[in-house]
Amino acid sequence: RLTGYAERDIVGQGYSIFGTHGSAGTAGMLREVQRTGSLQQERWWRRRDGRLVWVDELINPLDGHGYVVITRDLTERAEAEERDVASREREAQGLGRESALRKELQAAERRASFLAEASSILVATSLDYDSTLRALARLAVSRLAEWCVVHALDEDGLLAVAEAAHRDPALDRGLMAAATAHPY
């Protein structure tokens with residue numbers, strides 16, 4: 001019943017008829033049974049219709065003239081375990097995706113916060129161009145980077161260093177000098 005074979009089709013056949021590992025693998029397994037006295041294992045059996053059945057088999061030798069094989073069908077358990085593993089993998093992928101989405105949301109919130117603060121600086125500061133650029137450069141180094149150099153067009157329409165800020169304010173002058181000496 002487990003194998004799908006009728007009794008008349010299976011009597012006299014070798015044990016390897018059920019194997020998924022060929023007759024050489026079956027011969028090695030039976031030598032192990034002779035050496036140790038018995039073997040219990042779980043493995044796939046191939047049914048007559050080609051489907052695989054997961055079985056727990058206990059093999060004992062019969063006084064050197066054959067073997068007794070007691071087999072239980074564990075296919076439902078194996079399939080349930082495979083479904084559980086697949087479910088856990090899908091869940092882990094979902095959690096990984098959830099974590100990535102959470103990080104993306106947090107980054108978007110940080111960008112929005114930065115832009116809101118930059119907007120408030122632009123609205124709140126005086127109309128003095130230089131103090132506005134200084135405040136924006138300071139904001140950039142407080143939120144985004146170690147240092148910031150702002151370039152703007154000068155009176156001749158050429159790109160020039162307008163402001164420089166470093167996370168350590170003591171380094172602002174040195175950064176400005178370096179940026180002015182090497183503007184691009």
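Check the entry above for the structure.
Structural notes, computed from the coordinates. Keep in mind it's a predicted model, so treat the numbers as computed, not measured.

What counts as what
- Residues numbered from 1 in each chain as written.
- Predicted model: local features only at pLDDT ≥ 70, side-chain atom pairs only at ≥ 80, totals over all residues.
- Heavy atoms only, no water.
- Helix = DSSP H or I, 4+ residues; strand = E, 2+ residues; numbered from the N terminus.
- Rg over C-alpha atoms; globule rule 2.2 N^0.38 Å.
- Buried < 20%, exposed > 50% of the residue type's maximum accessible area, 1.4 Å probe, protein only.
- Contact = heavy atoms within 4.5 Å.
- Areas by Shrake-Rupley, 256 points an atom, 1.4 Å probe, with all protein chains shown as cover.
- Lys, Arg positive; Asp, Glu negative; His and termini not counted.
- Charge placed at Lys NZ, Arg CZ, Asp CG, Glu CD.
- Salt bridge = Lys/Arg side-chain N within 4 Å of Asp/Glu carboxyl O.
- Arc of directions from axis to C-beta.
- Pairing = 2+ DSSP bridges.
- Axes fitted to C-alpha atoms, helices over the stretch in contact; angles between N-to-C directions.

## With respect to the overall build of the protein
For step 1, the next point in the chain: Secondary structure summary: the protein contains 5 helices and 5 strands in total.
For step 2, the next point in the chain: Counting from the amino terminus, the protein carries its helices and strands in the arrangement α-α-β-β-β-α-α-β-β-α.
For step 3, the next point in the chain: By the compact-globule yardstick of 16 Å for 184 residues, the protein is too spread out, its C-alpha radius of gyration being 38 Å.
For step 4, the next point in the chain: Along the three orthogonal principal directions, the C-alpha set of the protein runs to about 105 × 30 × 30 Å.
For step 5, the next point in the chain: Here the protein holds 184 residues, and 23% of them are scored as buried.
For step 6, the next point in the chain: Taking the contacts inside the protein whose residues are at least 6 apart along the sequence as the reference set, 37% of them involve residues at least 24 apart.
For step 7, the next point in the chain: Of the accessible surface of the protein, which amounts to about 12,900 Å², a share of 54% is contributed by carbon and sulfur atoms.
For step 8, the next point in the chain: A distance of 8 Å separates the average location of the 24 positive side-chain charges in the protein from that of its 29 negative side-chain charges.

## A short note on the pattern of salt bridges
Working definition: two side chains of opposite charge can pair if their charged atoms are close together.
For step 1, the next point in the chain: Under the criterion given, the structure shown has 11 salt bridges.
For step 2, the next point in the chain: Where Arg-77 meets Glu-42, a salt bridge forms, and the shortest distance between an N and an O atom there is 2.5 Å. Placement of the pair is Arg-77 in helix 3 (residues 75–124) and Glu-42 in strand 1 (residues 39–46), with a sequence separation of 35 residues.
For step 3, the next point in the chain: Residue Glu-42 is classed as partly exposed on the basis of its relative accessible area, which comes to 35%.
For step 4, the next point in the chain: Between Glu-81 and Arg-77 there is a salt bridge, with the nearest N and O atoms lying 3.4 Å from each other. Placement of both Glu-81 and Arg-77 in helix 3 is noted, with a separation of 4 residues, approximately one turn of the helix.
For step 5, the next point in the chain: Overall, Glu-81 belongs to the partly exposed group, its relative accessible area being 42%.

## Describing helix 5 (residues 172–181)
For step 1, the next point in the chain: All buried positions along helix 5 are accounted for by Asp-172, Leu-175 and Ala-179. Angularly, the buried residues of helix 5 cover 65° about the axis, an arc narrow enough to put them on a single face. Seen from the buried face of helix 5, the exposed residues on the opposite side, beyond 90 degrees, are Arg-173 and Ala-181.
For step 2, the next point in the chain: Where the residues of helix 5 are buried, they touch helix 4 (129–143), strand 4 (147–153) and strand 5 (159–166).

## Let's talk about the sheet that holds strand 2 (residues 52–61)
For step 1, the next point in the chain: Read from one edge of the open sheet, 3 strands run 1-2-3, paired in antiparallel fashion. At either margin of the open sheet sits one strand with a lone partner, and together these are strand 1 and strand 3 (67–73). Put simply, the sheet's adjacent strands are angled 35° from each other on average, direction ignored.

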